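Coordinate analysis (summary)
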Amino acid sequence: MNSSSYISFSVPDIGEEEIAEVVATMRSGWLTTGEKTAQFEKEFREYTNARQSLAVSSCTAGLHLALTALRLKPGDEVITTPLTFCATITAILHAGATPVLADVDADGNLSPESARKRVTSKTRAIIPVHLGGLPCEMDGIWRLAEEYGLAVVEDAAHAVGACYHDVPIGASSAPSDVVAFSFYATKNLTTGEGGMVTTGSADLYEQMKTLALHGISKDAWNRYSREGNWFYDVLEPGFKYNLPDLLSGIGLQQLRRLESFIAARKRIADLYRELLADVDELELPRERAGRRHAWHLFAIRLNLEQINLDRAEFIESLRKRGIGASVHFIPVPLLSFFRPWAELPHNACPRALALYPRLVSLPMHSRLTEDEVRRVAAIVKQTLHNARRAKKSFAPCA
Ligand SMILES: *Cc1c(COP(=O)(O)O)cnc(C)c1O
């Protein structure tokens, strides 16, 4: 197989606009956070209908900033899902709080009912993750948050462009406190590395802005103009989480093309679903009423009892035939560092653990051609057909 025919799991969609923007920034003499970042924040605010937006170096940084700005204390608990990237959990730990796992619903997203069972007198916040770009059952989560006075920080790493009840994820009309987006290389909108937080709260915004740049105070900036450009003051130990203009320029151009990326992803998802509709050995991802799926991932579920392959063998057989696939996610309890903590009974998540061996993310990115999607679907179908188990005979004397 030659490498040009290999169908990658994910490819960034970088055009001439992004390249020209980077070159222009390099020629401008201003590389770090400046006008391009301010413009990116402004257009992102407009796109998501957010009151405040802060460009950051990653979604991980954004989650850490949000949880730090909430001033969590040791012993405070933050409820989240086991089907996420490890960064969701480590952000809670780095903010000094204790993560608590709730189980997932049939769609793979955090279950509000399970989260409700995890609420204690120490619970302070809840982090839903819009897995694969499908918005969580936010009404249930917001109801829970209101009832118990919890903060809501959305991990929207997969969900730029997604909507819930026709409202963009990140919009300030929604009751969440902070929404964190990722612009990592594989995500729907990429700056290579980067992220954005949106919030409706002027207070959280000011705190996150200060914390993102060493804890240098806003007041200090006023004095900076009075005393001279050498002056600064530090009010608390902050972080270095700003996004430079070099990357924000890429983000600006990506944002202007985002709707076309999502339309392409939706077309690909629809074609996959049409081509794989009659394959009994797998279950297809579904859309849900009232939600716009951003189709960051196209994750199928294998019906393992019908085939004589396990998930690793299935992915390996796709790879041998020139198709890249992946898994989202290895549930947090299965990662070594988290295991002792995850074994505590209040972190039990049997549904997520049962789902895990079935999950396979097929190639999904805006540059996939219709021919490529057809090839992937045909190979998936054939691989599963060849692996089909003989139907059990129920004849009593067979
Ligand atoms: C990618 C991802 C992150 C981390 O994003 P970075 O920008 O790489 O920090 C967090 N949560 C989820 C669910 C992700 O997929």
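Just so it is clear, the structure is predicted and the values come from calculations on it, not from any experiment.

With that out of the way, let us pick up the domain arrangement of the chain. Taken domain by domain, the chain consists of domain 1 (3–256) and domain 2 (258–386). Computed over C-alpha atoms only, the centres of domain 1 and domain 2 are separated by 25 Å. Across the contact, 56 residues belong to domain 1 and 52 residues belong to domain 2. At the boundary of domain 1 with domain 2, total buried surface from both sides reaches about 4300 Å², with 59% on carbon and sulfur atoms. The three residues of domain 1 that bury the most area against domain 2 are Ile 7, Phe 9 and Asn 188, which together make up 20% of that side's buried surface. Taken together, the connections running from domain 1 to domain 2 amount to 4 salt bridges. Between Glu 137 and Arg 291 there is a salt bridge, with the nearest N and O atoms lying 2.5 Å from each other. With 4 residues, helix H4 (residues 86–94) is the largest single contributor of residues to the side of domain 1 that touches domain 2. Of the residues contributing to the side of domain 1 that touches domain 2, the split by class is 30 nonpolar, 17 polar and 9 charged.

Our focus in this paragraph is the sheet that holds strand E13 (residues 359–362). Strand order across the open sheet formed by 3 strands is E10-E12-E13, with antiparallel pairing between neighbours. If you trace the sheet from one side to the other, it starts and ends with strand E10 (282–283) and E13, each paired once. Of the strand pairs in this sheet, E10 and strand E12 (residues 298–302) are connected by 2 bridges, and their pairing is antiparallel. Opposite Leu 282, over in E12, you have Leu 302 as the bridge partner.

This next bit is on the site of the ligand. The environment of the ligand is made up of 15 residues, and the closest members are Thr 60, Asp 155, His 158, Ser 182 and Lys 187. Interatomic distance of 2.8 Å between a side-chain N/O atom of Asp 155 and a nitrogen atom of the ligand. Contact between the ligand and His 158: an oxygen atom at 2.6 Å from a side-chain N or O atom of the residue. Relative to its unbound accessible surface of 380 Å², the ligand loses 92% to contact with the protein. When the residues that make up the shell around the ligand are grouped by side-chain class, the tally is 6 nonpolar, 7 polar and 2 charged.

We now examine the environment of Glu 41. By secondary structure assignment, the location of Glu 41 is in helix H2 (residues 35–48). Taking the relative accessible area as the measure of exposure, Glu 41 reaches 11% and is therefore buried. Spatially, the C-alpha atom of Glu 41 lies 8.6 Å from that of Ser 248, the residues being 207 residues apart in sequence. With sequence-adjacent residues up to four places away left out, Glu 41 is seen in contact with Ser 53, Leu 54, Ala 55 and Met 196.

Let us look at the packing of helix H3 (residues 59–69) against helix H7 (residues 202–212). The contact between H3 and H7 brings their axes to 9 Å, and the two run at 120°. It follows from the interaxial angle that H3 and H7 lie oblique. Crossing hand, H3 versus H7: right-handed. Contacts between H3 and H7 pair Leu 65, Ala 66, Thr 68 and Ala 69 from the former with Leu 204, Gln 207, Met 208, Leu 211 and Ala 212 from the latter. Split into classes, the residues belonging to the contact of H3 with H7 amount to 7 nonpolar, 2 polar and no charged.

Residues His 328 and Phe 329 are joined by a peptide bond in cis, for which omega reads 0°. Looking at the element boundaries, Phe 329 is found in the loop between helix H10 (311–320) and helix H11 (339–342). Phi angles above zero are rare outside glycine, and Arg 71 is one such case at about 55°. Topologically, Arg 71 is positioned in the loop between H3 and strand E2 (77–80).

About the cut-offs
Residues numbered from 1 in each chain as written. Predicted model: local features only at pLDDT ≥ 70, side-chain atom pairs only at ≥ 80, totals over all residues. Heavy atoms only, no water. Domains from an automatic or database assignment. Contact = heavy atoms within 4.5 Å. Buried area = accessible area lost by both parts, 1.4 Å probe. Salt bridge = Lys/Arg side-chain N within 4 Å of Asp/Glu carboxyl O. Helix = DSSP H or I, 4+ residues; strand = E, 2+ residues; numbered from the N terminus. Nonpolar A, V, L, I, M, F, W, Y, C, P; charged D, E, K, R; others polar. Pairing = 2+ DSSP bridges. Near = heavy atom within 4 Å. Polar contact = N/O pair within 3.5 Å; in protein donor to acceptor, adjacent residues only side chain to side chain. Areas by Shrake-Rupley, 256 points an atom, 1.4 Å probe, with all protein chains shown as cover. Buried < 20%, exposed > 50% of the residue type's maximum accessible area, 1.4 Å probe, protein only. Axes fitted to C-alpha atoms, helices over the stretch in contact; angles between N-to-C directions. Parallel < 35°, antiparallel > 145°, perpendicular 65-115°, else oblique. Left-handed = near helix turned anticlockwise from the far one by under 90°.

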